[in-house]
Amino acid sequence: MSGEDSVRLPEPDRPWMMRTYAGHSTAKASNELYRRNLEKGQTGLSVAFDLPTQTGYDPDDELARGEVGKVGVPVSHRGDMAQLMDGIPLDAMNTSMTINATAAWLLALYIVAAEEQGVPENKLQGTTQNDIIKEFLARGTYAFPPAPSMRLIADMIAYTVEHVPKWNPINICSYHLQEAGATPVQEIAYAMSNAIAVLDAARERVPADRLEQVFGRISFFVNAGVRFIEEHAKLRAMSILWEELGRERYGVEDSRHLRFRYGVQVNSLGLTEAQPENNVQRIVLEALAVTLGRGARARAIQLPAWNEALGLPRPWDQQWSLRIQQVLAYETDILEYPDIFEGSKVMEALVDELLEGARAEMAVVAEHGGAVEAVPYMKAALVDSHRERLRRIESGEQVVVGQNRFTETEVSPLTADAEGGILVVDPALEAQQIEDVRRWRSERDQTAVDEALAALARAAGDADTQENLMVATIAAARAGATTGEWSRTLREVFGSYHGPTGVGEASAAPADAELSELQGEVSRLQEKLGRRPKILVGKPGLDGHSNGAEQIAVRARDSGMDVVYEGIRLTPKQIASSALQEGVHVIGLSILSGSHRELIPAVIAELHAAGVTAPVVVGGIIPEQDVAALRKAGVAAVYTPKDFDITRIMRDIVALVGASADGTSANGVAAANGLASANAGVSANGAA
């Protein structure tokens, strides 16, 4: 045996589960996509739901306007779920569903769809993300207040451990924490604090002798950025902390239940609209963080597509990402060796450093009363961290190839087609979905639905009951209730919730020459206007990716402007009403879900109807071919992820307000660049 052979494993490690995060348009179209992907060698499903489904609205709800089928598949009832899984044997498939606020409902629909296939629920394998604390912090697809949300999660955990034992009822999701600006230390600390809150809630809903089994079914969904050595160290640190928590806090002894089990999608935050071909090598390098070291290797991976900073990927783009995984697993030798980082002084020191920082930050969260009570603190900390990341990019301290360095480029042939290299969802499909859900309601047994929803309301209304909400939820799914009806029933019992924005709590920006110059420009504008210039930052529709909007609001505040920012999920009429009441000088709208073509003209129409004349600027993942239509609708400037200098953007906005005050045409004053720069690279289909 050669020296080389002696260090190899007797048997190569098995490949991880390979998924593609996918879903769009309709259940039928998504089913066809899933079946094609499985034929190409994908070994598990990862379902992307559209925003109405994620937040609990039917396609015909006012808030669903422009959002149906855009960032994922609409699933309104058991018929949609049956269509989505048609021809896919659910007793053999491992399905991950990226769903949080409505996770209990979508799992219920999945269980009913399996029943219709003749598959009992105890045979089902898969994961529901179901991490609502993360939604309050980073992604915004929450539906109910924290306490009842945690009850829903605990009930799901209790139900699956008993009846769906192969199911992972929650995926503690640090992925979106990194997308919102978390440092590795914050990502570790907040994810672990989140897990503690979930386990403590579950401990009240499950028998004591089942808690070890519950601990063993908790999985994680993590992010891996391009600094892949540090990212690998982060995963080793999380593994150590997870085992500590299990042994010391929850008394878990079985080593099988103590394993840190995680799936991963590599970083979408770092993907760029500028020179998007560079995203391919970024994705490959980021995949190394979760595949190189056997001791901390991911067991499920989904890679974003190269063009997710531009819009919705096409099937071919997703195939490319799947092939990256397959080349790594089947052509390289990474699965043939033991852990190549074992004994590394560099890796051990880096892990120790991350552990020290994470434990300290976890202690701060605990001092705030735990993860649920600490949401405002963590949100503000993420806003601050994201601002620091953007400062480094703006200054050139953090190099982003093709964006702030090496910007000279040839025209990319990848984006040369008429659609700009992305998938464009036919707007007519929304009308079809509205018609379909109304037909479903008209043809079902309404009495059975009413009775099932009444039973759900009774169970939800008694907070002291031991009745598991999953039982009533599954009954409502069988009866034919819709996503919107299930959510509305619970909203009426639980109430609504408006999450913290983190803007007011974010610390003041450190003084520098550029900020001082901007503050001077704002001061001169104030003299011209006779009062402080005021900006309204609004997010119409259901898009919860608020990172860019928050950074614009914080920079405007630091520059000396008055800021009106009411968070996410606003109707066009609400935005127009706020603009009128607040007397704002400029309105900034941020959308990353692809609904800009419908919602921006709707907002402008409402502004005109209210008599508001303030100029409107727009930012988001907006394809170049849509810019002219937005300008024609009355938008003064359009900003996209390739624009990363927020200080320059604020200068544009100050100039725009000044020109508006002088009666000068807004066009040509503000450059057609940047409001969503802080969101550069956020996946167009929700970033998992």
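Keep in mind the model is a prediction, meaning the values are calculated, not measured.

Turning our eyes to something else, we now look at the overall build of the protein. On a plain count of helices and strands, the protein comes out with 26 helices and 15 strands. Taking 26 Å as the expected radius of gyration for a compact globule of 688 residues, we find that the protein reaches 25 Å, a close match to that expectation. In terms of overall dimensions, the protein has a C-alpha envelope of 75 × 70 × 50 Å along the principal axes. Going through the 688 residues of the protein one by one, you find that 62% of them count as buried. Across the protein, every contact between residues at least 6 apart in sequence was considered, and the portion connecting residues at least 24 apart equals 82%. Of the roughly 24,800 Å² of accessible surface on the protein, 50% is carried by carbon and sulfur atoms. Of the side-chain charges in the protein, 65 are positive and 93 negative, and the distance between the mean point of each set is 1 Å.

Relative to the assigned elements, Lys 539 resides in the loop between strand 11 (534–538) and helix 22 (547–559). Of the polar contacts made by the side chain of Lys 539, one reaches the side chain of Asp 543; its length is 2.8 Å.

To continue, consider the confidence of the model for the protein. Summing up the model confidence of the protein, the mean pLDDT is 91 and the portion of residues at 70 or higher is 95%. Low pLDDT, under 50, characterises residues 665–688; the stretch is placed with 112 contacts to residues that sit more than four places away or in other chains.

When you line up the elements, Arg 19 lands in strand 1 (residues 17–19). The side chain of Arg 19 sits in the buried core without any salt bridge; Glu 308 is the nearest counter-charge, 15 Å away. Within the structure, the side chain of Arg 19 is placed 3.1 Å from the backbone oxygen of Leu 45, a separation counted as a polar contact. Setting aside its immediate chain neighbours within four residues, Arg 19 contacts Gln 42, Gly 44, Leu 45, Ser 46, Asn 94, Thr 95, Ser 96, Ala 300, Ile 301, Gln 302, Leu 303 and Gln 325.

On the basis of which strands lie adjacent, the open sheet formed by 5 strands has the order 2-3-4-5-6 and parallel pairing. Of all strands in the sheet, those bounded by a partner on one side alone are strand 2 (21–22) and strand 6 (167–168). Across 4 bridges, the pairing between strand 3 (residues 45–48) and strand 4 (residues 94–98) is parallel. By the bridge assignment, Ala 48 is partnered in strand 4 with Thr 98.

Attention shifts here to the pairing of strand 5 (residues 125–128). Direction of pairing for strand 4 relative to strand 5: parallel, over a ladder of 4 bridges. When the sheet's bridge partners are listed, Met 97 is paired in strand 5 with Thr 128. Following the chain from strand 4 across helix 5 (residues 103–117) to the adjacent parallel strand 5, one finds a crossover that is right-handed. Strand direction decides the pairing type here: strand 5 and strand 6, joined by 2 bridges, are parallel. Its bridge partner lying in strand 6, Gly 126 is registered against Trp 167.

By the definition in use, this model includes 14 aromatic pairs. Note on Phe 144 and Trp 486: the rings are 6.0 Å apart at their centroids and 70° apart in plane angle, and the pair reads as edge-to-face. Placement of Phe 144 in the loop between helix 6 (132–139) and helix 7 (146–163) and of Trp 486 in helix 20 (residues 483–494) is noted, with a sequence separation of 342 residues between them. Taken individually, Phe 144 and Trp 486 each receive the classification buried, so the pair is uniform in this respect. Members of the aromatic cluster, joined through ring pairs, are Phe 215, Phe 220, Trp 242, Tyr 250, Phe 260 and Tyr 262.

The α-helix advances 3.6 residues per turn, and as a result positions three or four apart in sequence lie on the same side. For helix 19 (residues 469–479), a buried count of 8 out of 11 residues is recorded, marking the element as mostly surrounded by other parts of the structure. Regarding helix 19, the residues found buried are Leu 469, Met 470, Ala 472, Thr 473, Ile 474, Ala 476, Ala 477 and Ala 479. Residues of helix 19 that are buried make contact with helix 4 (78–84), helix 5, helix 7, helix 18 (446–461) and helix 20. One side-chain oxygen of the residue at the start of helix 19 lies 2.8 Å from the amide nitrogen of Met 470, identifying that residue as Asn 468. Among the residues trailing helix 19, Gly 480 stands out with phi positive, at a value near 105°.

Attention now moves to the sheet that holds strand 7 (residues 171–173). If you walk across this open sheet you meet the 5 strands as 1-10-9-8-7, and the pairing is parallel. The sheet is open, and its two borders are formed by strand 1 and strand 7, each paired with just one other strand. Taken pair by pair, the neighbouring strands of this sheet meet at an average axis angle of 25°, ignoring direction. Two strands pair when backbone bridges link them, and strand 7 and strand 8 (residues 219–224) are joined in this way by 3 bridges, in the parallel orientation. Across the sheet, the residue bridging to Asn 171 is Ser 219, located in strand 8. Sheet strands in contact with helix 11 (residues 228–248) are strand 8 and strand 9 (262–266), and its direction is about 160° off that of strand 8.

Core analysis: the biggest nonpolar cluster contains 176 residues, and Met 81, Met 192, Phe 220 and Trp 242 have the highest contact counts within it. Each residue touching Met 81, except ones within four places of it in the same chain, is listed here: Val 75, Met 97, Leu 106, Leu 109, Tyr 110 and Ala 113. If you look at the next biggest cluster of nonpolar residues, it comprises 24 residues, including Ile 591, Ala 614, Val 616 and Ile 622.

What follows is about a nonpolar patch on the surface. Residues Val 399, Val 401 and Phe 406 make up a contiguous nonpolar surface patch of about 250 Å² in total accessible area. Along the chain, Val 401 falls in the loop between helix 16 (375–395) and helix 17 (428–443).

In the contact formed by helix 22 and helix 26 (residues 646–662), the axes pass within 10 Å of each other and the chain directions differ by 70°. Comparing their axes, helix 26 and helix 22 come out roughly perpendicular. At the point where helix 22 passes helix 26, the crossing takes the right-handed sense. Taking contact as the criterion, the partners of Gln 551, Ile 552, Arg 555 and Ala 556 in helix 22 are, on helix 26, Ile 646, Thr 647, Ile 649 and Met 650. Looking at side-chain class alone, the contact of helix 22 with helix 26 contains 5 nonpolar, 2 polar and 1 charged residues.

Turning next to the pairing of strand 9. Within a regular strand, side chains alternate between the sheet's two faces. By the criterion of burial, strand 9 is predominantly enclosed, with 5 of the 5 residues buried. Residues of strand 9 alternate between two faces, with Tyr 262, Val 264 and Val 266 on one and Gly 263 and Gln 265 on the opposite face, all of them buried. Looking at chain direction, strand 8 and strand 9 are connected through 5 bridges and run parallel. Bridge pairing in strand 9 links Phe 220 to Tyr 262.

For the rest of this paragraph, the subject is the environment of Arg 569. Its place among the elements puts Arg 569 in the loop between strand 12 (562–565) and helix 23 (572–582). In this structure Arg 569 comes out as buried when scored by relative accessible area, which is 13%. Measuring from C-alpha to C-alpha, the distance between Arg 569 and Thr 43 comes to 35 Å, with 526 residues separating the pair along the chain. When neighbours within four sequence positions are excluded, Arg 569 is seen to be in contact with Thr 55, Tyr 57, Leu 63, Gly 140, Thr 141, Tyr 142, Ala 143, Arg 491, Lys 539, Gly 541, Leu 542 and Gln 574. Engagement of the side chain of Arg 569 in a polar contact is seen with the backbone oxygen of Gly 140, the distance being 2.5 Å. In this structure the side chain of Arg 569 is engaged in a polar contact, spanning 2.7 Å, whose partner is the backbone oxygen of Tyr 142.

Reading the values: rules and limits
Residues numbered from 1 in each chain as written. Predicted model: local features only at pLDDT ≥ 70, side-chain atom pairs only at ≥ 80, totals over all residues. Heavy atoms only, no water. Helix = DSSP H or I, 4+ residues; strand = E, 2+ residues; numbered from the N terminus. Rg over C-alpha atoms; globule rule 2.2 N^0.38 Å. Buried < 20%, exposed > 50% of the residue type's maximum accessible area, 1.4 Å probe, protein only. Contact = heavy atoms within 4.5 Å. Areas by Shrake-Rupley, 256 points an atom, 1.4 Å probe, with all protein chains shown as cover. Lys, Arg positive; Asp, Glu negative; His and termini not counted. Charge placed at Lys NZ, Arg CZ, Asp CG, Glu CD. Polar contact = N/O pair within 3.5 Å; in protein donor to acceptor, adjacent residues only side chain to side chain. pLDDT = per-residue confidence, 0-100. Salt bridge = Lys/Arg side-chain N within 4 Å of Asp/Glu carboxyl O. Pairing = 2+ DSSP bridges. Right-handed = clockwise from strand over helix to strand, strands pointing away. Phe/Tyr/Trp six-rings, centres within 6.5 Å; stacked < 30°, edge-to-face > 60°. Axes fitted to C-alpha atoms, helices over the stretch in contact; angles between N-to-C directions. Core = buried A, V, L, I, M, F, W, Y, C linked by side-chain atoms within 4.5 Å. Patch = residues over 30% accessible without salt bridge, like charges linked within 9 Å, V, L, I, M, F, W, Y side chains within 5 Å. Parallel < 35°, antiparallel > 145°, perpendicular 65-115°, else oblique. Left-handed = near helix turned anticlockwise from the far one by under 90°. Nonpolar A, V, L, I, M, F, W, Y, C, P; charged D, E, K, R; others polar.

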